[in-house]
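# Observations on the three-dimensional arrangement
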Amino acid sequence: MGPHPAVAAIRLAVRRALHDILTAHPSPHSLLPASTTLASTDSAATTPGESAPLVLVACSGGADSMALASALAFEAPKLGLRAGGVTVDHGLQPGSGLRADEVVLRLTELGLAPVEAISVTVGRDGGPEAAARDARYSALDDAAERHGASAVLLGHTRDDQAETVLLGLARGSGIRSLSGMAAVSGGPGAPGRYRRPFLQLDRQTARKACMVQSLPVWDDPHNADPAYTRSRLRHEGLPALEKALGKGVVEALARTAQLSRDDADALDTWARQAEASVRDAAGLLECAKLYALPPAVRRRILRSAAIEAGAPAGSLFARHIEEVDRLITGWRGQKAINLPGRVVAQRQGGRLVIRQG
């Protein structure tokens, strides 16, 4: 008799992610036999050597990340991969250090190694949720670098994706915000570091998998605290939408995220290809050629140029780009536009100059 359907689902999702990691980071120590397929890796697991690629799981101790950790511990050895874990102590709740120690113990009992808890100091930039997220990813980046990890798995589910899409919609930040979280992401130095195997699985599947495996889970009280926007959305907003529109809202929002991501990626590619054609011999942007482009492509070029000039991407909002865009589409002799990072955009002789002020 095979595993419970929920357990089988999370293992298959992780197996697919690990296959993708092996493709991106081939190693002679982790080559699979020709007969091995995604549908089955039931051969006896062997202990990978120290030179085998390492995959870490970011685990809070909640149901989603514990289900992910258990599936990683089960699947990684079969593929010749080492599996480790990291838990981040944000220090935002009493007893958070004890909780982190308990998570380390649980991950160790699953057979993961190395396993560590990292304490971080959460700032205030962007609000408490954004600041905690920034501190967490910084800690995970450091852990991945320190251990030489090929990838870090994150336990975001389809429900998390739906919430992210609604938050992006509320901000009115455009199609990129509606595209939610990518299945594969990372910074410039490690573009494929983060993997989210559960984006096609609902939160209940992960919780069920923990229950049938008798895995203890920790329910973060912040997830039920109405002081947090995502918590209100989870417990009030989404249920209200489902009551008004019927079941299937979460699935529809997750599907919207994927469609939006495909569109946003295509527009980004178009903008990169078009940028060279709208610059003169000196590399300055020509306003007439920019005007001829579709607005979605033109604004991407403007945003890219502002960031290249020194504007911090996280502080550059849609309203900034709209003001710069009016130098192209609504020219009335306006003065220069001040952008974050002391960057200035101004129109001079039919050219758009974006530089440090």
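Residues numbered from 1 in each chain as written. Predicted model: local features only at pLDDT ≥ 70, side-chain atom pairs only at ≥ 80, totals over all residues. Heavy atoms only, no water.

### Thoughts on the nonpolar core
Among the nonpolar cores identified, the biggest contains 34 residues, and Leu18, Leu72 and Phe198 are the most heavily contacted of them. Breaking this core down by element, the ones donating at least two residues are α1 (5-24), β1 (54-58), α2 (63-75), α3 (96-109), β4 (151-153) and α7 (203-212). Those residues in contact with Leu18, other than ones at most four positions away along the chain, are Val55, Leu72, Glu75, Ala76, Leu79 and Leu81. Formed by 26 residues, the second largest nonpolar core is a distinct cluster that contains Cys287, Leu293, Ala309 and Ile354. (Core = buried A, V, L, I, M, F, W, Y, C linked by side-chain atoms within 4.5 Å. Buried < 20%, exposed > 50% of the residue type's maximum accessible area, 1.4 Å probe, protein only. Helix = DSSP H or I, 4+ residues; strand = E, 2+ residues; numbered from the N terminus. Contact = heavy atoms within 4.5 Å.)

### Side note on the pairing of strand β3 (residues 115-119)
Burial along β3 is one-sided: Glu116 and Ile118 are buried, and none of Val115, Ala117 and Ser119, which face the opposite way, are. Pairing of strand β2 (residues 82-89) with β3 involves 5 bridges; the strand directions are parallel. Considered in β3, the bridge of Val86 is made with Glu116. Following the chain from β2 across α3 to the adjacent parallel β3, one finds a crossover that is right-handed. (Pairing = 2+ DSSP bridges. Right-handed = clockwise from strand over helix to strand, strands pointing away.)

### Side note on the pairing of β1
Summarising burial for β1: 5 of the 5 residues are buried, a large majority. Here β1 shows no split at all, with Leu54, Leu56 and Ala58 on one side and Val55 and Val57 on the other all buried. When β1 meets β2, the two strands line up parallel, connected through 5 bridges. Residue Ala58 lies in a different strand from β2, and its bridge partner there is Val86.

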